[in-house]
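Reading the structure
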Amino acid sequence: QVQFVESGGGLVQPGGSLRLSCAASRNTRGIYAMGWYRQAPGKQREWVALIYTGGTTDYADSVKGRFTISRDNAKNTVYLQMNSLQPEDTDVYFCNFVGHPKQKNFWGQGTQDIVSS
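Not measured: the values here are computed from a predicted model. (Residues numbered from 1 in each chain as written. Predicted model: local features only at pLDDT ≥ 70, side-chain atom pairs only at ≥ 80, totals over all residues. Heavy atoms only, no water.)

With that settled, consider the packing of aromatic side chains. Here the structure, examined in full by the defined rule, presents five aromatic pairs. Here F4 and F97 contribute two aromatic rings whose centre-to-centre distance is 5.5 Å and whose plane-to-plane angle is 70°, an arrangement assigned as edge-to-face. In this pair, F4 is assigned in strand β1 (residues 4–7) and F97 in strand β9 (residues 91–97), connecting sequence segments 93 residues apart. Owing to a relative accessible area of 3%, F97 belongs among the buried residues under this scheme. Relative to W107, the ring of F94 has its centre 5.9 Å away and its plane inclined at 80°; by these criteria the two rings are edge-to-face. (Phe/Tyr/Trp six-rings, centres within 6.5 Å; stacked < 30°, edge-to-face > 60°. Helix = DSSP H or I, 4+ residues; strand = E, 2+ residues; numbered from the N terminus. Buried < 20%, exposed > 50% of the residue type's maximum accessible area, 1.4 Å probe, protein only.)

Next comes the structure, spelled out in structure tokens:
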């Protein structure tokens, strides 16, 4: 079992930046990548970015070049640096394993990001 606690969201103007953090209750190193997801009210949750234990990353096309995912394995923490934010980035952001068979059991509360002038 694992618990994820997301933080770092807030209100930011278009073009601004935020850095999200995801603290895990235990070591998340292993065969499953860690990912960031986001969800707007009334919409399905969508994948944003992932990072493997070794550091390999991948991004959704909508955030490529603007968002950077990183991890500190010693702190069991994953980060999402979000730059050049736009109103369409307004969502609740979550972290979780990618592709884990028990992923649905691990969703946390998320952190709200609002991009508005």
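Moving on to the pairing of strand β7 (residues 67–72). Of the two faces of β7, only one is covered, namely that formed by F67, I69 and R71; the face formed by T68, S70 and D72 stays uncovered. What sits between β7 and strand β8 (residues 77–82) in their antiparallel hairpin is a turn of four residues, with N76 showing a positive phi close to 55°. (Pairing = 2+ DSSP bridges.)

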